[in-house]
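Chain residues, written in single-letter form:
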Amino acid sequence: MNQQASQQDVVISVRELCNRFGSNEVHKNLDLDVYRREILGVVGGSGTGKSVLLRSIVGLIQPHSGVIKVFGKELQALSAEERSRVERRFGVLFQSGALFTSLTLEENVALPLIEHARLSRDDAEHLARVKLALVGLPASAATMVPAQLSGGMVKRASLARALALDPEVLFLDEPTAGLDPIGAAAFDRLIVTLRDALGFSVFLVTHDLDTLYSTCDRVAVLSKKRVLVEGPLETVESTDNPWIRDYFHGPRGRAAHRSRTTTNGVVE
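As the structure is a computational prediction, the values presented were derived from the model and not from experiment.

Scoring rules and cut-offs
Residues numbered from 1 in each chain as written. Predicted model: local features only at pLDDT ≥ 70, side-chain atom pairs only at ≥ 80, totals over all residues. Heavy atoms only, no water. Helix = DSSP H or I, 4+ residues; strand = E, 2+ residues; numbered from the N terminus. Polar contact = N/O pair within 3.5 Å; in protein donor to acceptor, adjacent residues only side chain to side chain. Contact = heavy atoms within 4.5 Å. Axes fitted to C-alpha atoms, helices over the stretch in contact; angles between N-to-C directions. Parallel < 35°, antiparallel > 145°, perpendicular 65-115°, else oblique. Left-handed = near helix turned anticlockwise from the far one by under 90°. Buried < 20%, exposed > 50% of the residue type's maximum accessible area, 1.4 Å probe, protein only. Expected span 1.5 Å × (residues − 1). Salt bridge = Lys/Arg side-chain N within 4 Å of Asp/Glu carboxyl O. Pairing = 2+ DSSP bridges. Core = buried A, V, L, I, M, F, W, Y, C linked by side-chain atoms within 4.5 Å.

Novice: Describe the side chain of S13, and please don't skip the residues or the numbers.
Specialist: The residue S13 is located in strand β1 (residues 10-21) in this model. Among the polar contacts listed, one links the side chain of S13 to the side chain of D33, at a separation of 3.5 Å. Those residues in contact with S13, other than ones at most four positions away along the chain, are L32, D33, V67, I68 and K69.

Novice: Explain the packing of helix α5 (residues 151-162) against helix α6 (residues 181-198) residue by residue, including any values.
Specialist: The description of two packed helices rests on the angle between their axes and on the distance between the axes. Across the interface, α5 lies against α6 with an axial gap of 11 Å and an inter-helix angle of 15°. Classified by the angle between their axes, α5 and α6 sit roughly parallel to one another. Judged by the twist between their axes, the crossing of α5 over α6 is right-handed. Judged by residue contacts, K155, R156 and L159 of α5 engage A186, F187, L190, I191 and L194 from α6.

Novice: Give a description of the environment of D180 that names residues and reports values.
Specialist: Its place among the elements puts D180 in the loop between β7 (169-173) and α6. According to the relative accessible area criterion, D180 is partly exposed, its value standing at 45%. Taking the C-alpha atoms as reference, D180 lies 37 Å from N29; in sequence the two are 151 residues apart.

Novice: Tell me about helix α1 (residues 50-58), and please be specific about residues and values.
Specialist: Counting buried residues in α1 gives seven out of nine residues, a clear majority hidden from the surface. Among the residues making up α1, those that are buried are K50, V52, L53, L54, S56, I57 and V58. Looking one or two residues beyond α1, the residue adopting positive phi is G59, at roughly 95°.

Novice: Account for α5, naming residues and giving values.
Specialist: Relative to the 16 Å expected for twelve residues at 1.5 Å per residue, α5 spans 17 Å between its end C-alpha atoms, a close match to the ideal helical length. Where burial is concerned, most of α5 is hidden: nine out of the twelve residues are buried. When α5 is considered as a whole, its buried residues turn out to be V154, K155, R156, A157, S158, L159, A160, R161 and A162. Summarising the contacts, the buried residues of α5 are in contact with β6 (90-93), α3 (105-115), α4 (121-134), β7 and α6.

Novice: Account for the pattern of salt bridges, naming residues and giving values.
Specialist: Going through the model one piece at a time under the given rule, you end up with 15 salt bridges. Between R15 and D33 there is a salt bridge; the shortest N-O distance is 3.0 Å. Residue R15 is located in strand β1, and its partner D33 is located in strand β2 (residues 24-35); the two are separated by 18 residues in the primary sequence. With a closest N to O distance of 3.1 Å, R121 and E125 form a salt bridge. Here the residue R121 and the residue E125 both occupy positions in helix α4, the gap between them amounting to four residues, near one helical turn. Residue classification places R121 among the partly exposed positions, given a relative accessible area of 48%. Through salt bridges that share partners, R20, E25 and K225 make up one connected network.

Novice: Outline the sheet that holds strand β8 (residues 201-205), listing residues and values.
Specialist: Think of a sheet as strands paired side by side through backbone hydrogen bonds, with each pair either parallel or antiparallel. Across the sheet, which stays open at both edges, the six strands sit in the order β6-β7-β8-β3-β9-β10 with mixed pairing between neighbours. Where the open sheet ends on each side, the last strands, each with one partner, are β6 and β10 (226-231). Recorded for the sheet is a direction-independent mean angle of 15° between the axes of neighbouring strands. Note: β6 against β7, four bridges, orientation parallel. Counterpart to V92 in the pairing with β7 is F171.

Novice: Talk me through the pairing of β1; I want residue IDs and the actual numbers.
Specialist: Sheet topology note: the β1/β2 ladder contains eight bridges and is antiparallel. Within β2, the residue paired with V10 across the bridge is Y35. Between β1 and β2, which pair antiparallel in sequence order, lie two residues; one of them, G22, sits at a positive phi of approximately 65°. Summarising the sheet, β1 and strand β4 (residues 65-70) pair through five bridges and their orientation is antiparallel. Paired with V14 across the two strands is I68, which belongs to β4.

Novice: Account for the side chain of T104, naming residues and giving values.
Specialist: Tracing the chain through its elements places T104 in the loop between β6 and α3. We classify T104 as buried; its relative accessible area is 17%. The residues touching T104, leaving out its near neighbours within four places in the chain, are A142, T143, M144 and V145.

Novice: Explain the nonpolar core to me, using residue names and the numbers behind them.
Specialist: Side chains of a nonpolar character, in soluble globular proteins, are inclined to be buried together. L159, L170, V219 and F248 are the most contacted members of the largest nonpolar core, which totals 48 residues. Of all the elements, α6 adds the most residues to this core, at six residues. Aside from chain neighbours lying at most four places away, what touches V219 is L40, G41, V43, L212, V229, E230, G231, L233, V236 and F248. One finds L30, L53, L54 and V169 within the second-largest nonpolar core, a separate group that totals 27 residues.

Structure representation (structure tokens):
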């Protein structure tokens, strides 16, 4: 992703964001942009506010101060109706999946189509089956409830629901957490394939180094309440910072880097 991207390429702009919970200040004057069609990985140590940043952008947390613009519109300045229209252009996959346990997968995915797109139940459920197939689930999964699924199937079903309204920005909060390495790698490939095919942007909160190396166009590192550095992995890796050295150049970081270079046909 070109660092000199035009303003038209910015789909999310965060400026001087401050988040406080009582006396605990999580973010202070945080700035960050997300560009069209990119996958942006957000990383940082425990307590740096990765998920808080995601929830601020999607409107689940009211920031203490700062400006968040999505598609050029400041969310806090919009009426409830206008804000709802903007938020329908988001898709969100939470770490737990957050599926309704009493509904089948087909019903889970159909629900936003019925509530927001005003489709009939039959049309919504037909489209829900299409979305479930899109994320690689078999047709038989449509009538299953979440308790009958493996962890990987729950992630894919949750992704299908996040894609129900054809979002322009997809938010993923630790999407590979709890998956085995094979399942996590398959999910990473799925995200890249869908981004390439459907053209959405991805805001990805993760601690998984393999996910960063296999999916992300840019990475933003949160530290000391703001973005310490952001850019392509090569730029971030070379930053002289103790946390970055430990994270990217420790044993797991080196293994993830070797895996990427081997996959790309480059052997160091």
